[in-house]
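Letter by letter, the chains look like this.
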Amino acid sequence: MATKVQSKRFKWSLDSSKCNKISSVNESALPAPPAYSTSGILGTSEVAKKTDTSHLIIKKSWEVALAPIKQVPMNLFIMYMAGNSISIFPIMMVGMLFMRPIQALFQLNAAFKSVENSSVIGQKIVYIFGNLVNIGLALYKCQSMGLLPTHSSDWLAFVEPQVRQEYIGGGIMFS
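Residues numbered from 1 in each chain as written. Predicted model: local features only at pLDDT ≥ 70, side-chain atom pairs only at ≥ 80, totals over all residues. Heavy atoms only, no water.

Participant: Can you walk me through the side chain of serine 61 in this structure?
Facilitator: Here serine 61 lies in helix H3 (residues 53-70). Serine 61 sits in the buried class, given a relative accessible area of 1%. A polar contact is formed between the side chain of serine 61 and the backbone oxygen of isoleucine 58, at a distance of 2.7 Å. When neighbours within four sequence positions are excluded, serine 61 is seen to be in contact with Phe112, Val115, Val120 and Gln123. (Helix = DSSP H or I, 4+ residues; strand = E, 2+ residues; numbered from the N terminus. Buried < 20%, exposed > 50% of the residue type's maximum accessible area, 1.4 Å probe, protein only. Polar contact = N/O pair within 3.5 Å; in protein donor to acceptor, adjacent residues only side chain to side chain. Contact = heavy atoms within 4.5 Å.)

Participant: Teacher, can you tell me more about the UniProt feature "transmembrane region" (unreviewed entry) in the protein here?
Facilitator: Under the present numbering, the feature "transmembrane region" (unreviewed entry) in UniProt falls on residues 77-99. As annotated, residues 77-99 comprises 78% helix and 0% strand, and the C-alpha atoms at either end are separated by 17 Å. (UniProt positions renumbered as here; feature names shortened; annotations may be inferred.)

Participant: Help me understand the nonpolar core, please; the structure alone is not making it clear to me.
Facilitator: Taken as a class, soluble globular proteins show a tendency for nonpolar side chains to be buried jointly. Counting residues in hydrophobic clusters, the biggest one holds eight residues: Val64, Ala65, Ala104, Leu108, Phe112, Val115, Val120 and Tyr127. Among residues more than four places away in sequence, those in contact with valine 115 are Ile57, Lys60, Ser61 and Val120. Ranked by size, the runner-up nonpolar core spans five residues in total, among them Val72, Met79, Leu97 and Ala138. (Core = buried A, V, L, I, M, F, W, Y, C linked by side-chain atoms within 4.5 Å.)

Below you can see the structure in the form of structure tokens.
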């Protein structure tokens, strides 16, 4: 009866008794995967010899430098979606448009800390320029919302009242 059950196999069943044997594969028959090193030390592999670390550092520093400029289209979209009304949501958006670039300017050295051993003067100038562009966008948004005092009527609180030079009294009319 047991042989009858074993002979009746379903097409989706697996016989695990045949899988327990580990087949040995000749290692020389299989090619090594790309970037594989038998020495185990990264510095001696062919790929590590081919990579130029100074090129990677310059590439990383340019990625950091161009990050504020890449934020400009998103900031423009946020400005459009916030609208020009004076309410809590647009005020918070304008506040964030101001605060993020200012904080980034104060943390300039921290942004380039990973590439500090190379000369990154040009990248820092581009980084500062990108943050100044974002601050300019925030100022433009404030002006379009009417938050910047750009008209003479905005300064009426600081204007001294006029002093009368002469007083004229009523007279008598003759008819």
